[in-house]
Structures are given as C-alpha cells and as structure tokens.
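Single-letter residue listing:
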Amino acid sequence: MIPLKDVSRRPSHFPVVTLSIIAVNVLVFVLELSGGDSFAMRWVLVPAHVVAGHDGITLLTAMFLHAGWMHLLGNMIFFWVFGPVIEDVMGSGRYLAFYLLGGLVAMCAQVAVSPTSTVPTLGASGAIAAVMGAFLITYPRDQIRTVIFLGILFFTPLISSVVLIGLWFLTQVISAQGVLATTQVQQGGDAYMAHVGGFLFGLITARFVEDPRRLAEQTMAEQEVSDEEP
C-alpha cells in the first residue's frame with residue numbers, strides 16, 4: 001500500500017520545513033551519487049562504531065542518506081503525505097525539533113538491538129515513522145487516498161489513517177521480531193527497529209509537541225467543513 005494524499009484536510013500554513021527536509025534529502029542523495037561509496041561510508045551509521053565511541057555524528061547524518069532512488073522516493077512519498085499536516089499542527093520550530101529527535105531515537109533503537117553490527121544503517125524512515133506516529137494520534141480518522149496493487153491491477157481506495165498506519169506498524173513489528181529471532185540482527189538488514197522506535201516516539205510525544213492554538217484552528221476548520229456538508 002502506498003499513500004497518496006490526505007483527503008480529509010489541508011494544511012493552513014505552507015509546509016516550509018517538510019519541503020526543506022525533502023530538498024535536503026534529495027541534495028544529499030545527489031552528493032552520494034557524485035561522491036560514491038567513500039562519501040556514503042563517511043556519513044552512514046555503523047552501530048559497532050557508535051558503540052565503540054566513534055562517529056557519533058552519524059546518528060544524525062545517516063537519516064539524510066538513502067540506498068537508492070526507490071529508497072529515497074518511497075520515503076519522500078510517505079513524508080509528503082503525513083508531514084505537512086503535522087508541521088501545521090506543531091509549528092515549524094517544534095516540528096523540525098520533533099523530526100530530528102524522532103530520527104535520533106530511531107537510530108538509537110537500531111543500535112540498541114544490533115550493537116556489534118558493522119553493516120551500515122541509513123535512511124529517513126525512522127524519522128518519518130515518528131511523523132506517522134504523531135499523525136495516528138492526532139488524526140486517526142482522516143481518510144488517506146491509497147494505492148493498492150494486486151498483481152498488474154491497482155486500486156486507489158480511501159483508507160482511514162488508523163487502519164493504514166496501523167497495518168504499516170504491524171508489519172514493522174512482525175518483521176522486527178523475525179530479525180530479532182535470528183542472527184540477522186548481527187548482520188544488518190532492514191532497520192525495522194528504527195521504524196518501531198521512531199513510531200513509538202511519535203506516538204508518545206505528539207500531544208506534548210502540538211501547538212494548542214494551531215490544533216484548535218484545525219479543529220474549527222474541520223467543524224466548518226462538516227457543517228457545510230449536506
């Protein structure tokens with residue numbers, strides 16, 4: 001399932017932080033392509049190195065690196081669907097801090113379960129998972145236009161965010177349990193625990209980071225739309 005758009009609401013403010021983060025991710029990926037493996041390896045997160053007290057900055061830098069165009073595109077699609085509305089309700093400053101801290105928590109979660117791994121970890125998905133956790137708490141009933149593929153066929157139904165994000169999180173938990181039950185946790189692989197850690201961070205902290213005034217504005221706007229509907 002690939003989310004396309006939140007049809008239940010639109011941000012009241014221009015999502016400058018979300019767009020800026022997307023631009024930075026694209027720019028860094030261009031630098032990856034031009035700099036090659038040496039550039040990527042300088043800034044990716046290697047859990048064993050961090051545990052040994054080296055390259056701590058990579059807990060931050062790794063969240064702006066991606067393994068390929070599809071990795072980047074997939075992350076940015078999810079981010080664009082859920083990010084602007086959460087930026088709208090938090091405000092730019094709080095949202096930026098929330099995103100970065102969520103990414104750091106996600107990376108730390110991955111290090112915690114694979115402290116001896118020398119396989120690089122990279123990607124924005126942990127920070128984006130935090131945004132998704134916040135979205136689930138704040139707007140669980142929003143309807144998300146979603147692409148569902150069935151072989152060569154595809155459909156674009158509306159799915160409530162609680163179902164869509166809930167199913168996504170369930171797959172991450174199941175995958176993380178599968179990794180933890182094998183030696184893969186020592187050998188790398190997808191950073192499922194980063195996804196779980198980031199999501200739980202967003203789920204727990206969202207209400208504390210929201211701007212009450214902005215949330216009230218969103219609630220009033222939503223009520224006005226409901227009153228206008230026949």
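Just so we're clear, the structure is a prediction, and the values are computed from it rather than from any experiment. (Residues numbered from 1 in each chain as written. Predicted model: local features only at pLDDT ≥ 70, side-chain atom pairs only at ≥ 80, totals over all residues. Heavy atoms only, no water.)

**Some details on the overall build of the chain**
Looking only at helices and strands, the chain features 10 helices and four strands. Listed N to C, the secondary structure of the chain is β-α-α-α-α-α-α-β-β-β-α-α-α-α in terms of helices and strands. Expected size for 230 residues packed as a compact globule is a radius of gyration near 17 Å; at 18 Å, the chain falls within 12% of this value. The dimensions of the chain, computed from C-alpha atoms along their principal axes, are 60 × 40 × 35 Å. Going through the 230 residues of the chain one by one, you find that 46% of them count as buried. Expressed as a percentage of contacts within the chain between residues at least 6 apart in sequence, the contacts between residues at least 24 apart total 78%. Just so you have it, the chain exposes about 11500 Å², and 68% of that area is on carbon and sulfur atoms. Considering the chain, the positive charge centre built from 10 side chains and the negative charge centre built from 16 side chains are found 2 Å apart. (Helix = DSSP H or I, 4+ residues; strand = E, 2+ residues; numbered from the N terminus. Rg over C-alpha atoms; globule rule 2.2 N^0.38 Å. Buried < 20%, exposed > 50% of the residue type's maximum accessible area, 1.4 Å probe, protein only. Contact = heavy atoms within 4.5 Å. Areas by Shrake-Rupley, 256 points an atom, 1.4 Å probe, with all protein chains shown as cover. Lys, Arg positive; Asp, Glu negative; His and termini not counted. Charge placed at Lys NZ, Arg CZ, Asp CG, Glu CD.)

**Points about the packing of helix H4 (residues 69-90) against helix H5 (residues 92-113)**
The geometry of H4 relative to H5 is characterised by a closest axis approach of 7 Å and an angle of 130° between their N-to-C directions. By the angle between their axes, H4 is oblique relative to H5. You can see that H4 and H5 cross each other, and the crossing is right-handed. Residues Phe79, Gly83, Ile86, Glu87 and Met90 of H4 form the contact with H5, whose participating residues are Ser92, Arg94, Tyr95, Phe98 and Tyr99. A class-by-class count of the residues in the contact of H4 with H5 yields six nonpolar, two polar and two charged. (Axes fitted to C-alpha atoms, helices over the stretch in contact; angles between N-to-C directions. Parallel < 35°, antiparallel > 145°, perpendicular 65-115°, else oblique. Left-handed = near helix turned anticlockwise from the far one by under 90°. Nonpolar A, V, L, I, M, F, W, Y, C, P; charged D, E, K, R; others polar.)

**Details of helix H9 (residues 192-209)**
Compared with the 26 Å implied by 1.5 Å per residue over 18 residues, the 25 Å span of H9 between its first and last C-alpha is a close match. Within H9, the axis deviates most sharply at Leu203, by approximately 35°. Here H9 has its buried residues at Met193, Ala194, His195, Val196, Gly197, Gly198, Phe199, Phe201, Gly202, Thr205, Ala206 and Val209. (Expected span 1.5 Å × (residues − 1). Bend = angle between axes of the 7 residues up to and from the residue.)

**A short note on the packing of H4 against helix H6 (residues 125-138)**
One can describe the packing of H4 onto H6 by two numbers: an axis separation of 9 Å at closest approach and a directional angle of 50°. What the angle tells us is that H4 and H6 run oblique. Between H4 and H6 lies a crossing whose hand is left-handed. Taken together, the residues of H6 that come into contact with H4 (itself represented by Asn75, Met76, Phe78, Phe79, Phe82, Gly83, Val85, Ile86 and Met90) are Ser125, Ile128, Val131, Met132, Ala134, Phe135 and Thr138. A class-by-class count of the residues in the contact of H4 with H6 yields 12 nonpolar, four polar and no charged.

**Description of the pattern of salt bridges**
In total, this model carries four salt bridges according to the counting rule given. Among the salt bridges present, the one from Arg213 reaches Asp211, with a minimum N-O distance of 3.9 Å. Judged by relative accessible area, Asp211 falls into the buried class, the value being 15%. (Salt bridge = Lys/Arg side-chain N within 4 Å of Asp/Glu carboxyl O.)

**A closer look at the pairing of strand S2 (residues 143-150)**
Bridging between strand S1 (residues 2-6) and S2 involves four bridges; their strand directions are antiparallel. Bridge assignment links Lys5 to a residue of S2, and that residue is Arg145. Across three bridges, S2 lies against strand S4 (residues 158-160) in antiparallel orientation. Bridge assignment links Gln143 to a residue of S4, and that residue is Ser160. Inspection of the sheet shows S2 paired to strand S3 (residues 153-155) by three bridges, in the antiparallel sense. Across the sheet, the residue bridging to Phe149 is Phe154, located in S3. Hairpin connection of S2 to S3: two residues between the antiparallel strands, including Gly151 at a positive phi of 65°. (Pairing = 2+ DSSP bridges.)

**Some remarks on the nonpolar core**
Judged by nonpolar contacts, the single largest core of 53 residues is most densely connected at Phe79, Phe82 and Tyr99. Among the secondary structure elements, those contributing two or more residues to this core are helix H1 (16-43), H4, H5, H6, helix H7 (161-180) and H9. It is H4 that provides the largest number of residues to this core, a total of 10 residues. Apart from residues lying up to four places away in sequence, Phe79 is in contact with Thr18, Ile21, Ile22, Pro84, Tyr95, Tyr99, Ile128 and Val131. (Core = buried A, V, L, I, M, F, W, Y, C linked by side-chain atoms within 4.5 Å.)

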